Amino acid sequence: RIAFDIDFSSSSTPEDDRASADALALAGPDRVALAVHRQWVQDQLFDTAPLPSFIRHASATSINVRPDPEGQIRRVQTASIWGDTTVPTMPAWLVGARGVPAREVLIDFSIDPATIPVLSFVDVLAGRFDPAMVEGKSVLIGAAAIELGDWRSVPHYRALPGPLLQALAFETLIQNRALRRL
């Protein structure tokens, strides 16, 4: 399973868009998820989704997170309302949850982000990695550059890039380590 925490809402070239849509169609929605999200643009809230030619071949997954009153992300939902439907969040989709009711999951920040294998996109393109690292695994693809503005304030680690936060939420779910509110 592959989940993309990347914005696919804009076109590239017709050839590249067609190649991407063909690759997504070949993989299918049970194996590939694309992110949907809400974002603020000039004090207005916008729903952002992948191009129709992409999302028709993939599962839509929400990457929205909401900070607590202190401004930190401590929890994720398992599902989110998107338009007139409910979609799983990216961590829930990666563990195989479909059609689950939205529930709050408190992320276990005792999981060390350094234990989550990370591959550079350049190394993947150049083939400079051991394919056994990803074979049979769930893979989350995203960017961690601070310039993208996708870093989130979190407990213990101060700030994490969005894809790594999604990965910690996935690890919390897959390891059955969701914290409980007392």
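One can find the structure itself at the top, above this paragraph.
Anyway, here's the lowdown on the structure attached to this text. Keep in mind it's a predicted model, so treat the numbers as computed, not measured. (Residues numbered from 1 in each chain as written. Predicted model: local features only at pLDDT ≥ 70, side-chain atom pairs only at ≥ 80, totals over all residues. Heavy atoms only, no water.)

1. Some thoughts on the overall build of the chain
Stage number 1. Within the chain one finds five helices and 11 strands.
Stage number 2. The C-alpha atoms of the chain give a radius of gyration of 16 Å, which matches the 16 Å a tight globule of 182 residues would have.
Stage number 3. Here the C-alpha coordinates of the chain stretch approximately 50 × 40 × 35 Å along the principal axes.
Stage number 4. Within the chain, the proportion of its 182 residues that are buried is 35%.
Stage number 5. A fraction of 74% describes how many contacts in the chain between residues 6 or more apart in sequence connect residues 24 or more apart.
Stage number 6. Here the chain displays about 11,000 Å² of accessible surface, and carbon together with sulfur accounts for 55% of that area.
Stage number 7. In the chain, which carries 17 positive and 21 negative side-chain charges, the distance between the mean positions of the two groups comes to 7 Å. (Helix = DSSP H or I, 4+ residues; strand = E, 2+ residues; numbered from the N terminus. Rg over C-alpha atoms; globule rule 2.2 N^0.38 Å. Buried < 20%, exposed > 50% of the residue type's maximum accessible area, 1.4 Å probe, protein only. Contact = heavy atoms within 4.5 Å. Areas by Shrake-Rupley, 256 points an atom, 1.4 Å probe, with all protein chains shown as cover. Lys, Arg positive; Asp, Glu negative; His and termini not counted. Charge placed at Lys NZ, Arg CZ, Asp CG, Glu CD.)

2. Observations regarding helix α1 (residues 14-27)
Stage number 1. With 14 residues, α1 extends 20 Å from end C-alpha to end C-alpha; this agrees with the ideal 20 Å at 1.5 Å per step.
Stage number 2. What α1 keeps buried is the set Asp-17, Ala-21 and Leu-24. For α1, the buried positions fall inside an angular range of 60 degrees around the axis, keeping them on one side. The exposed residues of α1 that point more than 90 degrees off its buried face are Glu-15 and Leu-26.
Stage number 3. Lining the buried residues of α1 we find β2 (32-41) and α2 (52-55). (Expected span 1.5 Å × (residues − 1). Arc of directions from axis to C-beta.)

3. Observations concerning the pattern of salt bridges
Stage number 1. With the rule as written, the count across this model stands at seven salt bridges.
Stage number 2. Taking the shortest distance from any N to any O, the salt bridge between Asp-150 and Arg-152 comes out at 3.3 Å.
Stage number 3. What makes Asp-150 partly exposed here is its relative accessible area of 21%.
Stage number 4. By relative accessible area, which is 29% here, Arg-152 ends up partly exposed.
Stage number 5. Through salt bridges with shared partners, one network takes in Asp-68, Glu-70 and Arg-74. (Salt bridge = Lys/Arg side-chain N within 4 Å of Asp/Glu carboxyl O.)

4. A look at the packing of aromatic side chains
Stage number 1. What the rule picks out here adds up to two aromatic pairs.
Stage number 2. When the ring of Phe-4 is compared with that of Phe-8, the centres are 5.5 Å apart and the planes differ by 90 degrees; the resulting orientation is edge-to-face.
Stage number 3. Using a relative accessible area of 18% as the deciding quantity, one classes Phe-4 as buried.
Stage number 4. Ring geometry for Phe-8 versus Phe-54: centroids 5.8 Å apart, planes at 90 degrees, classification edge-to-face. Pair noted here: Phe-8 is in the loop between β1 (2-5) and α1 and Phe-54 is in helix α2, with a separation of 46 residues, a long-range link.
Stage number 5. Aromatic ring contacts, followed pair by pair, group Phe-4, Phe-8 and Phe-54 into a single cluster.
Stage number 6. Geometry around Trp-93 places Arg-1 over its ring, the cationic atom sitting 4.0 Å from the centre. (Phe/Tyr/Trp six-rings, centres within 6.5 Å; stacked < 30°, edge-to-face > 60°. Lys NZ or Arg CZ within 6 Å of the ring centre and 35° of its normal.)

5. Thoughts on the environment of Ala-132
Stage number 1. Note on placement: Ala-132 falls in the loop between α4 (121-126) and β9 (139-142).
Stage number 2. Spatially, the C-alpha atom of Ala-132 lies 24 Å from that of Ile-6, the residues being 126 residues apart in sequence.

6. What about a nonpolar patch on the surface?
Stage number 1. Judged by side-chain polarity, Phe-121, Val-124 and Leu-125 come together as a nonpolar surface patch covering roughly 320 Å² of accessible area.
Stage number 2. Secondary-structure assignment places Leu-125 in helix α4.
Stage number 3. On the basis of relative accessibility, which here comes to 65%, the residue Leu-125 falls in the exposed class. (Patch = residues over 30% accessible without salt bridge, like charges linked within 9 Å, V, L, I, M, F, W, Y side chains within 5 Å.)

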